[in-house]
Amino acid sequence: PGTAARILDYLAVWVSLDGSSRSVEHQVIRLQSEEAIRRFAEQEVRGDLVLHMRVIKRDGRILEPEAVDGKPTVTFPHLEIGDYIETEQVFSREGTSGNSYEGPHWFFREKDVAYARSEMVMITPTEKTLDVAVTGAVPAPQLTDHGYFQVRRWRVDQSPAAPDEPHSVPAVEYLPSVRVTWGVDLKTHLRELTERVTESTPIDPRIVRIAKRIVADIPADQETARARSLYRWILSNVQADEESDGRRVIVGKRGNHWRGFVTLCRSLGIPVTWALAKNRLAAPAAGPADEVRQFTTTALRVGRKDPVWLTIADKYTPFGYLPSEIRGMPAFLLEGNLPAQLSLPDTGAEDQVRFDAQVELAADGSAEFTLSQAYHGRLGATLRNGLGELGASQARDVIESKILATALPGARLKTHELIALDDNDVPLVVRMDSRMAHFALGQGDLLRLAPPFVPRLSQFATLPTRQTPILLGGDRRWDVNLQIRLPKGAQVTLPKPSQLRFLDHRVEVGDTFEDGVLTLKRVVHIRAGRIAPENYAEFVRFTRDADSALGAEIQIRLR
């Protein structure tokens with residue numbers, strides 16, 4: 001079953017002592033749907049030598065693929081359901097003097113495609129101690145010792161198509177797979193990175209002059225303010241490119257922003273230390289090589305006293321911003337002979353939206369709004385980037401159709417103001433005056449109000465059960481402070497206050513009514529991370545309880 005079936009999925013790799021290797025990959029695929037025909041009709045020639053590349057028709061005819069000069073792929077012609085595609089290619093890789101070897105990541109299962117037979121053969125020198133990382137249900141290999149080399153053979157038969165579930169982690173994390181390495185470990189990786197980022201060149205007087213001009217109005221004792229000014233200059237004046245020499249980046253105004261910023265700071269005596277942080281979204285490590293892949297995010301520590309931690313993305317990113325996936329996570333400082341481990345601060349600009357509104361509610365359910373939406377962290381940077389490409393008239397249309405309509409469907413924008421649009425280090429505030437004809441639904445002397453500005457968390461838990469983890473790719477936080485002045489004499493029936501928690505996620509509802517003003521206060525904080533299948537049932541209950549608490553109808557009696 002499946003849109004296609006891999007009748008044969010075979011890889012054999014012979015690795016030499018110096019880490020060089022030669023391999024053959026042989027695939028036979030049966031096409032079982034129009035979707036499979038579209039997917040496999042174009043294929044890239046990746047190997048150094050092609051042994052087979054052909055279509056085997058149902059009637060036994062053989063068709064050769066069509067190649068066009070300059071085109072990176074070949075086209076398999078006249079494909080029909082029931083046809084087979086066969087490819088067999090030889091690959092060669094250079095070695096690293098035997099210090100390390102990282103083999104291909106071989107999967108025995110994939111989405112939409114069933115496997116009849118999947119096999120991986122590794123031929124490796126006996127004297128090398130291998131690190132074999134196995135994910136999922138993969139049988140132990142057959143091991144054959146031939147003296148100076150060993151043969152390991154993994155084989156899986158009749159592997160069904162893998163599930164495709166929404167909001168799932170990348171398939172490479174849960175599909176049954178094998179990866180063979182030696183000499184690949186976090187300690188060695190950190191040592192190599194430390195050597196790469198250590199500056200040994202003398203400070204260039206030209207760079208000193210440029211840096212001094214940038215911070216000319218900032219006293220020398222204001223180290224953080226000077227670093228902020230250098231950071232802004234780099235992002236505003238240097239075009240991103242591959243150049244990695246910090247001096248050329250600054251003089252030519254083209255190249256790696258990280259290198260340029262570090263070079264400017266160094267020229268003024270501002271200490272900057274590179275760090276490598278663990279990504280909380282990374283897959284659990286199945287071996288030493290996987291541990292290297294957990295530490296993938298670069299950060300910088302800037303300054304002596306009260307140092308600032310930051311990453312560099314685009315010109316709209318706030319100074320001192322750390323992405324949610326590394327906030328509070330372990331990291332290694334890339335300095336000295338042995339990188340020191342520490343934890344990154346769990347502070348700084350969060351990725352959140354804050355809603356503050358003053359509402360005048362009429363007896364017919366219509367309302368006049370003064371609404372401010374403040375975008376913090378990455379959300380502010382993204383919105384600034386989008387608005388920066390629009391003219392004034394286009395910006396108004398986007399604010400009304402995308403921002404206001406998302407928060408208050410049916411509302412009409414009267415005026416708007418963008419506050420701190422050009423100050424990337426503070427939240428971007430969109431202030432809107434608007435009117436809404438049906439903010440509350442009238443039924444006689446009763447108004448029914450569905451609370452606005454709240455997300456529906458059950459969108460992340462739509463399945464009854466799960467086989468794969470949920471991946472929440474970034475922090476999501478909503479803060480709501482909505483003050484509604486009710487018609488004179490109106491009374492309110494409020495839902496009970498709620499405080500819901502699941503792991504690091506929380507939802508708080510605390511509405512009040514005093515002196516004719518109904519105040520809706522909500523906090524929703526969904527942290528970046530994973531939900532394991534064994535915790536999914538509890539997560540479903542959390543999202544449903546949260547939706548019930550956040551969306552509970554508020555009844556307003558007029559008399």
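Residues numbered from 1 in each chain as written. Predicted model: local features only at pLDDT ≥ 70, side-chain atom pairs only at ≥ 80, totals over all residues. Heavy atoms only, no water.

Participant: Where do I start with the sheet that holds strand β13 (residues 149-159) in this structure?
Facilitator: Picture the strands of a sheet paired through backbone hydrogen bonds; they go either parallel or antiparallel. Here eight strands make up an open sheet; going across it, the order is β5-β4-β7-β2-β1-β10-β13-β12 and the pairing mixed. Two strands close off the open sheet at either side, each with one partner strand: β5 (62-63) and β12 (142-145). Sheet analysis places strand β1 (residues 4-15) next to strand β2 (residues 21-31), joined by 11 bridges and oriented antiparallel. Along β2, the bridge assignment pairs Ala-4 with Leu-31. (Pairing = 2+ DSSP bridges. Helix = DSSP H or I, 4+ residues; strand = E, 2+ residues; numbered from the N terminus.)

Participant: Help me out: how do you make sense of the packing of aromatic side chains in this one?
Facilitator: Aromatic rings considered in pairs are described by the distance between their centres and by the relative angle of their planes. In total, this model carries 12 aromatic pairs according to the counting rule given. Ring centres of Phe-369 and Phe-439 lie 5.0 Å apart, and the angle between their planes is 85°; on these two criteria the pair is classed as edge-to-face. Here Phe-439 lies in the loop between β25 (428-436) and β26 (441-443) and Phe-369 lies in strand β23 (residues 367-375), a separation of 70 residues in the sequence. Among the residues examined, Phe-369 registers a relative accessible area of 3% and is labelled buried. Residue Phe-439 is classed as buried on the basis of its relative accessible area, which comes to 7%. An aromatic cluster is present here, built from Trp-14, Tyr-148 and Phe-149 joined pairwise through their rings. Cation over ring: Arg-466 sits above Tyr-536, and NZ or CZ is 5.9 Å from the ring centre. (Phe/Tyr/Trp six-rings, centres within 6.5 Å; stacked < 30°, edge-to-face > 60°. Buried < 20%, exposed > 50% of the residue type's maximum accessible area, 1.4 Å probe, protein only. Lys NZ or Arg CZ within 6 Å of the ring centre and 35° of its normal.)

Participant: Whenever I open this one, the nonpolar core confuses me. Can you help?
Facilitator: Across soluble globular proteins, nonpolar side chains have a tendency to be buried as a group. With 58 residues, the main nonpolar core has Leu-361, Leu-408, Phe-439, Leu-482, Ile-484, Phe-539 and Ile-556 as its most contacted residues. Per-element tally for this core: the top contributor is helix α10 (residues 536-550), with seven residues. If you look at the next biggest cluster of nonpolar residues, it comprises 40 residues, including Leu-190, Leu-235, Val-308 and Leu-310. (Core = buried A, V, L, I, M, F, W, Y, C linked by side-chain atoms within 4.5 Å.)

Participant: Help me understand the pattern of salt bridges in this model?
Facilitator: Oppositely charged side chains are able to pair whenever their charged atoms sit close together. Enumeration according to the criterion identifies 39 salt bridges in this entry. Arg-248 serves as the salt-bridge partner of Asp-245, at 3.6 Å between the closest nitrogen and oxygen. Taking the relative accessible area as the measure of exposure, Asp-245 reaches 17% and is therefore buried. What makes Arg-248 exposed here is its relative accessible area of 53%. Overlapping salt bridges bring together Lys-57, Arg-58, Glu-80 and Asp-83 as one network. (Salt bridge = Lys/Arg side-chain N within 4 Å of Asp/Glu carboxyl O.)

Participant: Any chance you could explain the sheet that holds strand β18 (residues 295-302) here in plain terms?
Facilitator: Judged by pairing direction, the sheet is antiparallel, and its five strands sit side by side in the order β19-β18-β17-β20-β21 without closing on themselves. The outermost strands of the open sheet, each flanked by one partner alone, are β19 (308-310) and β21 (340-343). Averaged over all neighbouring strand pairs, the angle between strand axes comes to 35°, with direction disregarded. Bridge count between strand β17 (residues 272-278) and β18: seven bridges; the pairing is antiparallel. Across the sheet, Leu-276 pairs through a bridge with Thr-298, a residue of β18. Against the sheet, helix α6 (residues 257-267) engages β17, β18 and β19, with an angle of about 25° to β18. (Axes fitted to C-alpha atoms, helices over the stretch in contact; angles between N-to-C directions. Contact = heavy atoms within 4.5 Å.)

Participant: Sorry if this is basic, but what is going on with helix α9 (residues 392-407) here?
Facilitator: Residues that lie three or four places apart on an α-helix share one face, since the helix turns once every 3.6 residues. Over its 16 residues, α9 runs 21 Å from end to end, which matches the ideal 22 Å to within 8%, given 1.5 Å per residue. Helix geometry: α9 is bent most strongly at Ile-399, by close to 35°. All of the buried residues along α9 are Ala-395, Ile-399, Ile-403, Leu-404 and Ala-407. On its buried face, α9 is in contact with β23, α8 (377-387), β24 (412-419) and β25. (Expected span 1.5 Å × (residues − 1). Bend = angle between axes of the 7 residues up to and from the residue.)

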